[in-house]
Amino acid sequence: MRGITKREATIPSLKSAIGKLASTNISPTMRGRLLHYDKERSYFEVTKHESNDQHIKCVGQTFWIPNHMAVALTYLEEE
């Protein structure tokens, strides 16, 4: 049986990631910008993917994920 892979934090805190772009397969475009967070959830805005126009109609929508997942996302460098 395969073991469970622990999630490793990639950022020091969610506060430091507000406004940053993240790569996540939960977003229809595979990109999302962290808007805000509360005790349990982090809220992201769907943003346009740099190289793919698929699901462009979803840009601007919001989605949430649990905070323990949000700290483990890959946050991209700002252009």
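Preceding this paragraph is the structure being described.
Residues numbered from 1 in each chain as written. Predicted model: local features only at pLDDT ≥ 70, side-chain atom pairs only at ≥ 80, totals over all residues. Heavy atoms only, no water.

Asker: For this particular structure, what's the right way to read the packing of aromatic side chains?
Answerer: Each pair of aromatic rings is reported with the distance of its centres and the angle of its planes. Here the structure, examined in full by the defined rule, presents one aromatic pair. Ring plane angle 15° and centroid distance 5.5 Å describe the contact between Phe-44 and Phe-63, whose orientation is recorded as stacked. Linking Phe-44 in strand β3 (residues 41-46) with Phe-63 in strand β4 (residues 62-66), this pair joins segments that are 19 residues apart in sequence. The two residues Phe-44 and Phe-63 agree in class, both being buried. Above the face of the Trp-64 ring, Arg-41 is positioned so that its terminal group lies 3.8 Å from the ring centre. (Phe/Tyr/Trp six-rings, centres within 6.5 Å; stacked < 30°, edge-to-face > 60°. Helix = DSSP H or I, 4+ residues; strand = E, 2+ residues; numbered from the N terminus. Buried < 20%, exposed > 50% of the residue type's maximum accessible area, 1.4 Å probe, protein only. Lys NZ or Arg CZ within 6 Å of the ring centre and 35° of its normal.)

Asker: Got a minute to help me understand the environment of Ser-42 in this structure?
Answerer: You can see Ser-42 is positioned in strand β3. Separated by 28 residues in the primary sequence, Ser-42 and Ala-70 have C-alpha atoms spaced 6.6 Å apart. In this view, Ser-42 contacts Leu-14, Leu-34, His-36, Tyr-37, Phe-63, Trp-64, Ile-65, Asn-67 and Ala-70; residues no more than four positions away in its chain are not counted. A distance of 2.6 Å separates polar atoms of two side chains, one belonging to Ser-42 and the other to Asn-67. (Contact = heavy atoms within 4.5 Å. Polar contact = N/O pair within 3.5 Å; in protein donor to acceptor, adjacent residues only side chain to side chain.)

Asker: Can you help me understand the side chain of Thr-29 in this one?
Answerer: Turning to its location among the elements, Thr-29 is positioned in the loop between β1 (21-23) and β2 (31-37). Within polar-contact distance, the side chain of Thr-29 engages the backbone oxygen of Thr-47 at 2.5 Å. Beyond its immediate chain neighbours, meaning those up to four positions away, Thr-29 contacts Val-46, Thr-47, His-49, Gln-54, His-55 and Val-59.

All we've got here are geometric facts, nothing functional implied.
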